[in-house]
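This is what each chain is made of:
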Amino acid sequence: MAVTVRPLTPEFAAEVSGIDARHSIPDADFAVLRAAFEEHSVLVLHGQRLSDDEQVAFSERFGPLEDSLVGTRGEGSYFAKLSNIADDGGLVDPGAQKMLFSKANEFWHTDSSFKPWPPSASILIGRVIPPEGGETEFCSMRAAHAALPAAIKARLAGLWAEHDLSRTRDMVAPGAMTAEQRKVYPPVRHAVVRANPVNGRKTLYLGAHVTRIVGMEERESRALIDELIAFGTGERFVYRHHWTQDDMLIWDNRCVLHRGRPWDRARYARSIQRTTVAGLGPTEAA
Ligand code: OGA
Ligand code: MN
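An account of the accompanying structure is given in this report. The structure presented is a predicted model; accordingly, all values stated were derived computationally and were not measured.

Overview of the side chain of Ser83
Tracing the backbone shows Ser83 in strand β4 (residues 80-83). You can call Ser83 buried: its relative accessible area is 15%. Among the polar contacts made by the side chain of Ser83, one reaches the main-chain amide nitrogen of Ile85 at a distance of 3.0 Å. Once you skip the residues sitting within four places of it in the chain, Ser83 turns out to touch Lys98, Met99, Arg270 and Ser271.

This is how it looks when you write it as structure tokens:
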């Protein structure tokens, strides 16, 4: 089976066929996948009905995995399981705490940017997909950076931003983050402009967890962050994924933002599960 890569938008995202992620992938095929990841930022692979162990084994080809967040149901595993299916098979009350936190995924974000060594890839498999809604959207902050006027690029070079998990948690359920979680995830700083280590292409690195630009006055800082995210999430930079069951998405957290779209949580089940490839060091300013 030859591996083929078909771009999905003019800027980024590609569909990859010829990979069966249940089985160990030949090195040559993985090299094609890895190169496509660096180049296209979001990869879509259909028909990947993987067990948990298979998802972990496949994901580890990209590098060591992150542990799930402290204080979540996935704790002690490599998985972030986002599901509104209760243990008895019914639907979880959309007002339940766990569902509120999953609402935070509806803000444009990049996974785990509140960690000191933020991740490279996220690998997400759709197990149960609602008949309508519940899409996942991506935007290329690399394409957005490239399209910025030179004067703004110059202004951003060398800036650092503070990222804090509690910001997005407080946005959906004020005060609901536990004291333990706050201790485990104190605010961290990351470069606002990063470069891809393979091809050198620059990207904005901002998202919903960002609280402020270091050293900038509060109002100016918020306005700049909001403006850049609004620019980056403009339609020309967005790929919207309409899920089919067993789709696998692989995205590059270093240079895309993503968000889940709402669906009728009182009516339909949705279950998706993510593994996340750990970052290997702190961010560097490009
Ligand atoms: C995630 C995520 C959004 C969605 O898995 O990291 O943000 O589509 N998912 O629910
Ligand atoms: Mn996410």
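Focus on the sheet that holds strand β12 (residues 238-241)
Pairing in this open sheet of 3 strands is antiparallel, and the strands run β12-β6-β14 from one edge to the other. Of all the strands in the sheet, the pair left with one neighbour each is β12 and β14 (256-260). Neighbour-to-neighbour, the strand axes of this sheet turn through a mean angle of 20 degrees, independent of strand direction. Judged from the 4 bridges that link them, strand β6 (residues 136-140) and β12 form a sheet pairing that is antiparallel. For Cys139, the partnering residue across the bridge sits in β12 and is Val238.

Reading guide: rules and limits
Residue positions are given per chain, counted from 1 along the sequence in the order it is written. All chains are assigned letters beginning with A, and all ligands numbers beginning with 1, in the order in which they are written. The predicted nature of this model means local features are confined to residues of pLDDT at least 70 and side-chain atom pairs, given and counted, to a pLDDT of 80 or more, with totals for whole chains, interfaces and linings taken over all residues. As a rule here, side-chain values come from all non-hydrogen atoms in the structure, and water together with hydrogens is ignored. To qualify as a helix, a DSSP run of H or I must reach at least 4 residues; to qualify as a strand, a run of E must reach at least 2; elements of each kind are numbered from the N terminus. Exposure is judged per residue with a 1.4 Å probe applied to protein chains only, and the accessible area is read against the type maximum: over 50% gives exposed, under 20% gives buried, and values in between give partly exposed. What qualifies as a polar contact is a pair of N or O atoms within 3.5 Å, subject to a donor-acceptor requirement within protein and to the restriction that residues adjacent in sequence count only when both atoms come from side chains. In what follows, a contact means two residues having at least one pair of non-hydrogen atoms within 4.5 Å. What makes two strands pair is DSSP finding at least two bridges between them. In this analysis, axes come from line fits to C-alpha atoms, helices being fitted only over the stretch in contact, and the angle between any two N-to-C directions falls in the range 0 to 180 degrees.

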